[in-house]
Amino acid sequence: MDDVKNSVGAATENTEEVKDAREASSSAESTVGANLKEIDALLHKFWEDSITPTVYKLWFENLVLQEMNEENAVFCIDNDFKRDILQKKHTETIKLALEHVFGFSMEVIVLSTENNKREEIPQSYYIPQVHPTREDEEGDKKRAAIESNSIISKYTFENFVIGESNKFAQAACWAVATSYSSSLQHKEEDERDSTAFIYNPLFIYGPSGIGKTHLLYAITNEIKKSNRNVRIVYKKCEDFTNEMVYALKNASMPAFREKYRSADILLIDDVQFIARKEAIQEEFFHTFSALYENEKQIILTSDRPPKDIKPLEDRLRTRFEWGLIADIQPPSAELRAAIIRKKAEFFNLRMTETSIDYLTESLQENIRQIEGAMKKLSAMASIQSQQPDMDMCRHVVGDMVSSEEPASMKVERILRIVSETYNVPVEEIKGKKRNANIAAARHMCVFLIRELTPLSLQDIGDLFDRDHTTIYSSLEKIEKERRENKSTESLIKELKEKIKE
């Protein structure tokens, strides 16, 4: 190991970056050394699990991670022959291990320390560092603060439109925001609202574009109303990862940890991106534990529940499930209409009910799609100096969605074709009767509507005047039948073909 240090040290002593690094404090050096050792151990575990013992013993056992940055990783091995074999035959295996640990790819440099020889690290390894002046840094901070505040301040609980698909998640976020904002004003622990503990961590999941980030910003704004000094840290998981890699490279892990572990409230968006990143999971686990033990609030969002984030360490998954898990479903027709009306009011647009109904039926993907359509509609209305009409609405929808028919028309065709196939009137399929043939037709309709349209369980439940749990039961029944009975699978295929005609 001393040979490795001497080799890399001598090889790089004529670079300004290394000279600066050598002037860093001994504590910083020991910190980054410890972190490299941790990463090196994770890499070796990957190799031990993925290649044969003989190959590992011959070529990888003495391979040591020496330096790294955002784009490259430098390894050292104890002789020239092993270096040549690793470079020619095993570079991809090394890259796979790095990608497994960090979640993104890096280039690999392998050096030899045979006979205490000194090899130079290619100059391309180093990323040029720009050192801004103090005035530049202050100006950047001010601009960033103004931009951040202008973006975040738009998202509040007041302008979050509530419907059946999101009311539970909204209520949980509101409870955390109000209870925790008041608790921060009390110095005595026993004065704090217990909700701050019951909902910690708060885990919100659902598809992209349905309001999860809006709720995170709304929590931030609500808490800051009552306490401007509370330390709130909001980050997308991808940014957390990039910051950690930068901190490792620059021997600034203590500052990185202090930033996240001293927060009163930590909000991490899209935490599912932590999957497959072992080093990041390790660091996040310790950050989570430090905050939780100090009774600080943790709020996470994801596009899936903790049990479906794979691969994810069990100790993290169980911690994500400690508090409250709230899901947000795609917006129902009622919620979409309410959002369109809210946006029309915001943009000062006077719209007919026919236009609102058309947009509600056509814009079913997510809330972000609706917001984009309403912004474009507002711009068109302003340019043409007139209020939106149906032609304008059709133009906006045509630019934003595919030419696929509205869901309501497809639902009608599904009901008709299933009715004809099972010889059961549509009224009885949608009715309350439960005899075997009617129930079978109803289950099949539910299954096909879920498969072939973007309607949520709640939307489908509304069609049949049943709650979403009953709809889910129908889906499970058909899934079980198609697994156990080939004729059911054939029938589903036949019905889908007829529906597509």
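Residues numbered from 1 in each chain as written. Predicted model: local features only at pLDDT ≥ 70, side-chain atom pairs only at ≥ 80, totals over all residues. Heavy atoms only, no water.

Quick word on the overall build of the chain
Turning to step 1, where the next piece is worked out: Each helix and strand in the chain was counted, giving 24 helices and eight strands.
Turning to step 2, where the next piece is worked out: Buried residues in the chain amount to 46% of all 501 residues.
Turning to step 3, where the next piece is worked out: Summarising the internal contacts of the chain: among those between residues at least 6 apart in sequence, 72% fall at separations of at least 24.
Turning to step 4, where the next piece is worked out: On the chain, roughly 26,400 Å² of surface is accessible, and the fraction owed to carbon and sulfur atoms is 49%. (Helix = DSSP H or I, 4+ residues; strand = E, 2+ residues; numbered from the N terminus. Buried < 20%, exposed > 50% of the residue type's maximum accessible area, 1.4 Å probe, protein only. Contact = heavy atoms within 4.5 Å. Areas by Shrake-Rupley, 256 points an atom, 1.4 Å probe, with all protein chains shown as cover.)

Regarding the packing of helix α4 (residues 53-60) against helix α5 (residues 80-89)
Turning to step 1, where the next piece is worked out: The geometry of α4 relative to α5 is characterised by a closest axis approach of 10 Å and an angle of 125° between their N-to-C directions. The angle between the axes of α4 and α5 places the two elements in the oblique class. Residues Leu58, Trp59 and Phe60 of α4 lie in contact with α5, whose contacting residues are Phe81, Lys82, Ile85 and Leu86.
Turning to step 2, where the next piece is worked out: Split by residue class, the contact of α4 with α5 holds six nonpolar, no polar and one charged. (Axes fitted to C-alpha atoms, helices over the stretch in contact; angles between N-to-C directions. Parallel < 35°, antiparallel > 145°, perpendicular 65-115°, else oblique. Nonpolar A, V, L, I, M, F, W, Y, C, P; charged D, E, K, R; others polar.)

Comments concerning the environment of asparagine 250
Turning to step 1, where the next piece is worked out: Structurally, asparagine 250 can be placed in the loop between α11 (237-249) and α12 (253-261).
Turning to step 2, where the next piece is worked out: As a C-alpha pair, asparagine 250 and methionine 68 span 182 residues in sequence and 9.6 Å in three-dimensional space.

A word on the pattern of salt bridges
Turning to step 1, where the next piece is worked out: Here the structure, examined in full by the defined rule, presents 33 salt bridges.
Turning to step 2, where the next piece is worked out: Close ionic contact of aspartate 269 with lysine 236 constitutes a salt bridge, the shortest N to O distance being 3.5 Å. Highlighted residues: aspartate 269 in strand β6 (residues 265-269) and lysine 236 in strand β5 (residues 232-236), separated in sequence by 33 residues.
Turning to step 3, where the next piece is worked out: Note on aspartate 269: relative accessible area 1%, which makes it buried.
Turning to step 4, where the next piece is worked out: Its salt-bridge partner being glutamate 353, residue arginine 341 comes within 2.6 Å of it at the nearest N-O pair. With a gap of 12 residues between them, arginine 341 in helix α15 (residues 333-346) and glutamate 353 in helix α16 (residues 353-362) connect regions that are remote in the sequence.
Turning to step 5, where the next piece is worked out: The class of arginine 341 is partly exposed, set by a relative accessible area of 37%.
Turning to step 6, where the next piece is worked out: Through salt bridges with shared partners, one network takes in Asp80, Arg83 and Asp84. (Salt bridge = Lys/Arg side-chain N within 4 Å of Asp/Glu carboxyl O.)

Digging into α15
Turning to step 1, where the next piece is worked out: Across its 14 residues, α15 extends 20 Å between first and last C-alpha, which sits within 8% of the 20 Å expected from 1.5 Å per residue.
Turning to step 2, where the next piece is worked out: All of the buried residues along α15 are Leu335, Arg336, Ala337, Ile339, Ile340 and Ala344.
Turning to step 3, where the next piece is worked out: Asparagine 348 sits one or two positions beyond α15 and adopts a positive phi of about 60°. (Expected span 1.5 Å × (residues − 1).)

Considering the environment of phenylalanine 347
Turning to step 1, where the next piece is worked out: As for its position among the elements, phenylalanine 347 is in the loop between α15 and α16.
Turning to step 2, where the next piece is worked out: Residues phenylalanine 347 and alanine 379, spaced 32 residues apart in sequence, show a C-alpha to C-alpha distance of 9.4 Å.
Turning to step 3, where the next piece is worked out: Filtering out sequence-adjacent residues up to four positions away, phenylalanine 347 remains in contact with Met374, Lys375 and Ser378.

Quick notes on the nonpolar core
Burial of nonpolar side chains together is a common tendency in soluble globular proteins.
Turning to step 1, where the next piece is worked out: Counting residues in hydrophobic clusters, the biggest one holds 54 residues, and the most contacted among them are Trp47, Phe75, Ile94 and Phe284.
Turning to step 2, where the next piece is worked out: With residues near it in sequence (within four places) discarded, phenylalanine 75 still touches Leu43, Trp47, Leu63, Val64, Leu65, Gln66, Ile94, Leu98, Val108, Ile109, Val110 and Leu111.
Turning to step 3, where the next piece is worked out: If you look at the next biggest cluster of nonpolar residues, it comprises 28 residues, including Ala407, Val411, Ile429 and Met444. (Core = buried A, V, L, I, M, F, W, Y, C linked by side-chain atoms within 4.5 Å.)

Observations concerning the sheet that holds strand β4 (residues 202-205)
Turning to step 1, where the next piece is worked out: Taken together, the five strands give an open sheet; going across it, the order is β5-β6-β7-β4-β8, and neighbouring strands pair in parallel fashion. Each edge of the open sheet is held by one strand with a lone partner, namely β5 and β8 (324-327). Neighbour-to-neighbour, the strand axes of the sheet open up by a mean angle of 15°, direction not taken into account.
Turning to step 2, where the next piece is worked out: With four bridges connecting them, β6 and strand β7 (residues 297-302) associate as parallel partners. Counterpart to leucine 267 in the pairing with β7 is isoleucine 299. (Pairing = 2+ DSSP bridges.)

Remarks on unusual backbone geometry
Turning to step 1, where the next piece is worked out: Note that the residue after asparagine 200, namely proline 201, is joined by a cis bond; omega there is 0°.
Turning to step 2, where the next piece is worked out: Mapped onto the elements of the fold, proline 201 is located in the loop between α9 (195-198) and β4.
Turning to step 3, where the next piece is worked out: Between lysine 310 and proline 311 the backbone carries a cis peptide bond, its omega angle lying at -5°.
Turning to step 4, where the next piece is worked out: With respect to the helices, strands and loops of the structure, proline 311 is situated in the loop between β7 and α14 (314-320).
Turning to step 5, where the next piece is worked out: Located in the positive-phi region is aspartate 270, a residue other than glycine, with phi close to 60°.
Turning to step 6, where the next piece is worked out: Along the chain, aspartate 270 falls in the loop between β6 and α13 (278-293).

Describing helix α23 (residues 468-484)
Along an α-helix, residues three or four apart share an orientation, since each turn contains 3.6 residues.
Turning to step 1, where the next piece is worked out: Between its terminal C-alpha atoms α23 stretches 25 Å, which fits the 24 Å expected from 17 residues at 1.5 Å a residue.
Turning to step 2, where the next piece is worked out: Those residues of α23 that are buried lie in contact with α21 (436-452), α22 (457-464) and α24 (486-500).

Description of the pairing of β8
Turning to step 1, where the next piece is worked out: With burial as the criterion, only one face of β8 is covered, namely that bearing Leu324 and Ala326; the residues Ile325 and Asp327 on the opposite face remain uncovered.
Turning to step 2, where the next piece is worked out: In this structure, β4 lies alongside β8, joined through four bridges in parallel fashion. In the strand pairing of β8, phenylalanine 203 is matched with isoleucine 325.

Thoughts on the environment of leucine 216
Turning to step 1, where the next piece is worked out: Mapped onto the elements of the fold, leucine 216 is located in helix α10 (residues 212-226).
Turning to step 2, where the next piece is worked out: Setting aside residues up to four positions removed in sequence, leucine 216 forms contacts with Tyr234, Leu267, Asp269, Ile299 and Thr301.

Quick look at the confidence of the model for the chain
Turning to step 1, where the next piece is worked out: Summarising the model, the chain shows a mean pLDDT of 77, and 79% of its residues fall at 70 or more.
Turning to step 2, where the next piece is worked out: Of all secondary-structure elements in the chain, the lowest mean pLDDT belongs to helix α2 (residues 16-22), at 39, while β4 reaches the highest, 92.
Turning to step 3, where the next piece is worked out: Counting contacts from residues 123-151, a segment whose pLDDT is below 50, to residues more than four positions away or on other chains yields 22 contacts.
Turning to step 4, where the next piece is worked out: For residues 183-195, every residue scores under 50 in pLDDT, and the model assigns this stretch 16 contacts once sequence neighbours within four places are set aside. (pLDDT = per-residue confidence, 0-100.)

A short note on the sheet that holds strand β2 (residues 72-77)
Turning to step 1, where the next piece is worked out: The mixed open sheet is built from three strands, whose spatial order is β1-β2-β3. Strands at the two margins of the open sheet, each flanked by one partner only, are β1 (64-68) and β3 (107-112). Ignoring which end each strand starts from, the neighbouring axes of this sheet average 30° apart.
Turning to step 2, where the next piece is worked out: In this sheet, β2 lies alongside β1 in antiparallel orientation, the contact comprising four bridges. Residue pairing across strands places glutamate 67 opposite valine 74, the latter belonging to β2.
Turning to step 3, where the next piece is worked out: Relative to the sheet, helix α6 (residues 91-102) contacts β1, β2 and β3, its axis offset from that of β3 by approximately 120°.

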